[in-house]
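Examination of the molecular architecture
Below, each chain spelled out in residue letters.
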Amino acid sequence: MNETLGLIGHQGDGLAAAATYDPTMRDYRPRGGSSSSSTSASAANLVAKPIIVPASLRGYLFFIAFFQCMGALEFGYNTAISSPAAGPIVDEFSLSTFQQEVFVSAVLITALFGALCAGFFADKFGRNKVLIFDDFIFATGIVVEVLAPKFWVLIIARFIVGLGIGVASVVVPLMVTEISPKQIRGEIGTMNQLCIVLGIETAYIMGAALQEVQYSWRAMLAIPALFCVTHFFMACILDVETPRWLALKGKIHRATRMLKRLRKSLDITSELKELQQVADESNNRNISLKEAFRSLRWRVLVISMGLLFFQQITGNNAIMYYMATFFQDAGMSEAKSNYVSILVGAVKVCMTIASVFLLDRVGRKPLLLIGISCMAMTLLGIASVFFFEDKMTETALGIVCVIFTILFVMGYACSLGCVPWIVTSEICSNRVRALVMSLALGVNWTTNFLVSVTFLSFVEATNEQTVFLFFSAWATIALIFVIFLVPETKGKTPQQIAHLMHDTLPKETLVTSS
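All figures in this text were calculated on a predicted structure; none of them were measured in a lab.

1. Considering the overall build of the protein chain
Counting its secondary structure elements, the protein chain contains 24 helices and two strands. Counting only residues that meet the buried cut, the protein chain has 56% of its 514 residues in that class. Put simply, of all contacts in the protein chain between residues at least 6 apart along the chain, 84% involve residues at least 24 apart. Total accessible area on the protein chain stands at roughly 20900 Å², and carbon and sulfur atoms take up 67% of it.

Now the structure itself:
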């Protein structure tokens, strides 16, 4: 997630003196004293100058971020493995359609609770400690999954794994965002989404590789143990905590040492002042939950919750969780459907990597518009294919479904797959970001669960074309939502984003205080 805009101003007093206009709050608070001369200053005084991050530092931070994102790999793998593992599990336990839906969606129920609680514990105990504890949650769930003698035991294990997924979904992006310099926070923040899709692709590959092995589904569910073990040892070795959390706890000296370690030779004057401000605010004033709710702008909340709602209601995860079943309905064998799932996952990984470079060049809103338009049309195309399936051979039906699914995944990966997290963090202030993210993630996981637990039943009660028409209709609504409500935030200062969100901007926000 991209918490800031990637450019900062001079490292001296100019930044500290700049007026602060919080885009999510109703009140305007100048950071320093103002004078009559400040109102006549040029808006150009706030023009930011880029600071180049050395390649060595960039590589060092990507190295740290990758190991911190082991939880994101767990997230992606444990949600996607339900697709290739479903067949062997259904055969072993003789599951009904509803029981198969319960298996797929079990992780999503407790993921919601994990996500809602994770922010509180991350603020209380620190990001690093919570992620290490999350390794034990994952390990416990995986062991119970692999040894499960009965279906109900397997579901309990999936509940435990889901709790770990929910914690990771909140704390991993917090960790990688807060250890990154502003200039490359977008790039490193995207590592979270990239590791999720890498986890998904790994699940498809292992599903195909282990399909014919004895106890195949148990072997598939055991693989992510490698991720949590790797993270545990690397987290202990690296011992990285975010400077911002340390400052929030009043540990300003430790925060300074950690910041120097994470920035190496980079000038940290500006960040040190920000950390001191965070420490001062944490000591002098704590915002209450009631106050945060009252001060929120409705548009910030609607955009944040709306984008993460559309991320799920447009069918991406339903297709991901039931991809093997979907392709088998299109006439493919179980083995072929698993190999095609690998292809689709590879396309998703490639498009996620491409989005890292496109976000700061094309912009957030254009990517949303192009990607969601592609999703709506391809979902309509899949519905049309099933409508005419009686007039097509099984081979033709399978090929066309694969083509449309790949196009859908390409559109999703560069739009609703990554942009909502970035836009949400850019339009929210530090004071209410945790609250807004918790609410938005609550909507996200709830929608994910409802779509996943009803997908197969929806198909059986109606047919494939009705289901995909439903998803296409929601994608069309999402497109309208983006056109009229979502602002373009690429390359804009916080003051400019505030102007976009409020349609009015106090004159003082465009000048510096003298």
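2. Describing the pattern of salt bridges
A side chain with one charge may pair with a side chain of the opposite charge, provided their charged atoms come close. Evaluation of the coordinates by the stated rule reveals five salt bridges. With its nearest N and O atoms 2.9 Å apart, the salt bridge here joins aspartate 123 to arginine 127. For aspartate 123, a relative accessible area of 32% corresponds to the partly exposed category. Counted as one network, the salt bridges with shared partners bring together Asp123, Arg127, Glu178 and Arg244.

3. As for the side chain of threonine 378
Here threonine 378 shows up in helix H19 (residues 364-387). Accessibility expressed as a relative area gives 4% for threonine 378, which makes it buried. Only 2.8 Å separates the side chain of threonine 378 from the backbone oxygen of cysteine 374, close enough to count as a polar contact. In this structure the side chain of threonine 378 is engaged in a polar contact, spanning 3.0 Å, whose partner is the backbone oxygen of methionine 375.

4. Side note on a nonpolar patch on the surface
The grouping of Ile399, Ile403, Leu407 and Met410 at the surface amounts to a nonpolar patch, some 320 Å² of accessible area in total. Tracing the chain through its elements places isoleucine 403 in helix H20 (residues 394-413). Residue classification places isoleucine 403 among the partly exposed positions, given a relative accessible area of 47%.

5. Digging into the packing of aromatic side chains
How two aromatic rings sit relative to each other is given by the distance of their centres and the angle of their planes. Scanning the entire structure with this criterion turns up 22 aromatic pairs. Centre to centre, the rings of phenylalanine 120 and phenylalanine 121 are 5.2 Å apart; their planes meet at 75°, and the pair counts as edge-to-face. Overall, phenylalanine 120 belongs to the exposed group, its relative accessible area being 53%. Look at phenylalanine 121 and you get partly exposed, because its relative accessible area is 38%. An aromatic cluster of at least three residues, connected via ring pairs, comprises Phe309, Phe310, Phe386, Phe455, Phe458, Phe468, Phe470, Phe471, Trp474 and Phe481. Positioned above the aromatic ring of tyrosine 60 is the side chain of lysine 264, whose terminal nitrogen or guanidinium carbon lies 4.2 Å from the ring centre.

6. Considering a positive patch on the surface
On the surface, a cluster of positive charge is contributed by Lys124, Lys129, Lys249, Lys251, Arg254 and Arg257. Relative to the elements of secondary structure, lysine 124 occurs in helix H5 (residues 97-125). Classification of lysine 124 as partly exposed rests on a relative accessible area of 46%.

7. Some details on unusual backbone geometry
Despite not being glycine, tyrosine 215 shows a phi value in the positive range, around 55°. Take tyrosine 215: it is sitting in the loop between helix H8 (185-209) and helix H9 (216-222). In this model, aspartate 239 sits at a positive phi of 50°, which is unusual for a non-glycine residue. Judged by its relative accessible area of 47%, aspartate 239 is partly exposed.

8. Things to note about the packing of helix H6 (residues 127-147) against helix H7 (residues 151-178)
Packing of H6 against H7 brings their axes to within 8 Å, and their N-to-C directions diverge by 155°. It follows that H6 is roughly antiparallel to H7 by the angle criterion. In this structure, H6 crosses over H7, and the sense of that crossing is left-handed.

9. Quick word on the environment of tryptophan 217
Assignment of secondary structure puts tryptophan 217 in helix H9. Using a relative accessible area of 2% as the deciding quantity, one classes tryptophan 217 as buried. Separated by ten residues in sequence, tryptophan 217 and glycine 207 place their C-alpha atoms 8.1 Å apart. Other than its neighbours up to four places away in sequence, tryptophan 217 contacts Ala85, Pro88, Ile89, Glu92, Phe93, Glu145, Ala148 and Leu154. A polar contact is formed between the side chain of tryptophan 217 and the side chain of glutamate 92, at a distance of 2.7 Å.

10. What to know about the nonpolar core
Leu154, Trp445 and Phe468 are the most contacted members of the largest nonpolar core, which has 141 residues in total. When residues no more than four places from it in sequence are discounted, the contact partners of leucine 154 are Ile89, Phe93, Phe103, Glu145, Ala148, Trp217 and Leu221.

11. Focus on the environment of leucine 308
Relative to the assigned elements, leucine 308 resides in helix H15 (residues 298-313). Classification of leucine 308 as buried rests on a relative accessible area of 0%. On a C-alpha basis, the gap between leucine 308 and leucine 416 in space is 7.9 Å, while along the polypeptide they are 108 residues apart. With near-sequence residues (within four places) excluded, leucine 308 lies in contact with Pro420, Trp421, Ala440, Leu441 and Asn444.

Here is what the cut-offs are and how they apply
Residues numbered from 1 in each chain as written. Predicted model: local features only at pLDDT ≥ 70, side-chain atom pairs only at ≥ 80, totals over all residues. Heavy atoms only, no water. Helix = DSSP H or I, 4+ residues; strand = E, 2+ residues; numbered from the N terminus. Buried < 20%, exposed > 50% of the residue type's maximum accessible area, 1.4 Å probe, protein only. Contact = heavy atoms within 4.5 Å. Areas by Shrake-Rupley, 256 points an atom, 1.4 Å probe, with all protein chains shown as cover. Salt bridge = Lys/Arg side-chain N within 4 Å of Asp/Glu carboxyl O. Polar contact = N/O pair within 3.5 Å; in protein donor to acceptor, adjacent residues only side chain to side chain. Patch = residues over 30% accessible without salt bridge, like charges linked within 9 Å, V, L, I, M, F, W, Y side chains within 5 Å. Phe/Tyr/Trp six-rings, centres within 6.5 Å; stacked < 30°, edge-to-face > 60°. Lys NZ or Arg CZ within 6 Å of the ring centre and 35° of its normal. Lys, Arg positive; Asp, Glu negative; His and termini not counted. Charge placed at Lys NZ, Arg CZ, Asp CG, Glu CD. Axes fitted to C-alpha atoms, helices over the stretch in contact; angles between N-to-C directions. Parallel < 35°, antiparallel > 145°, perpendicular 65-115°, else oblique. Left-handed = near helix turned anticlockwise from the far one by under 90°. Core = buried A, V, L, I, M, F, W, Y, C linked by side-chain atoms within 4.5 Å.

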